[in-house]
Amino acid sequence: MMNPAKLFKIKGAWDKFSQNHPRFVQFLGAVNRDGIKEGTIIEINVVTPEGKNISSNLKITQSDIELFKELSEISKS
């Protein structure tokens, strides 16, 4: 079981992140509403301040979906 103090700290950090990046949080909500299914591909692209482009992707597995559900439950606490 996770330490309740750590959960509280993570919740506070998420709240701050949500305030700083509301459009990204809305994006995550839209993705969640449409439902991520096994086989979905998520691509991530990062551009550093220097202009370096770093990208990767992953194909969602059933265990990933289970992890997302667990994290979602934590965030509702």
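Everything numeric here is computed off the predicted structure, so don't read it as measured data.

Q: I keep staring at the environment of Gly35 and nothing clicks. Help me out?
A: Tracing the chain through its elements places Gly35 in the loop between α2 (22-34) and β1 (41-47). Along the chain, Gly35 and Ile65 lie 30 residues apart, while their C-alpha atoms are 9.8 Å from each other.

Q: Could you clarify how one ought to interpret the pairing of β1 in this entry?
A: Note on strand geometry: in a regular strand, side chains alternate between the two faces of the sheet. As judged from the 7 bridges shared by β1 and strand β2 (residues 53-59), these two strands associate in the antiparallel manner. Note on β2: the bridge partner recorded for Asn45 is Ser55. Joining the antiparallel neighbours β1 and β2 is a turn of 5 residues, in which Gly51 adopts a positive phi near 95 degrees.

Q: How should I be thinking about the packing of aromatic side chains in this particular structure?
A: Aromatic ring pairs are described here by two measures, namely the spacing of the ring centres and the angle between the planes. This structure, assessed with the given rule, holds 3 aromatic pairs. When the ring of Phe17 is compared with that of Phe24, the centres are 6.1 Å apart and the planes differ by 85 degrees; the resulting orientation is edge-to-face. Judged by relative accessible area, which is 31%, Phe17 ranks as partly exposed. Ring pairs connect the aromatic residues Trp14, Phe17, Phe24 and Phe27, which therefore count as one cluster.

Scoring rules and cut-offs
Residues numbered from 1 in each chain as written. Predicted model: local features only at pLDDT ≥ 70, side-chain atom pairs only at ≥ 80, totals over all residues. Heavy atoms only, no water. Helix = DSSP H or I, 4+ residues; strand = E, 2+ residues; numbered from the N terminus. Pairing = 2+ DSSP bridges. Phe/Tyr/Trp six-rings, centres within 6.5 Å; stacked < 30°, edge-to-face > 60°. Buried < 20%, exposed > 50% of the residue type's maximum accessible area, 1.4 Å probe, protein only.

As far as function goes, none of this settles anything; it's purely spatial.
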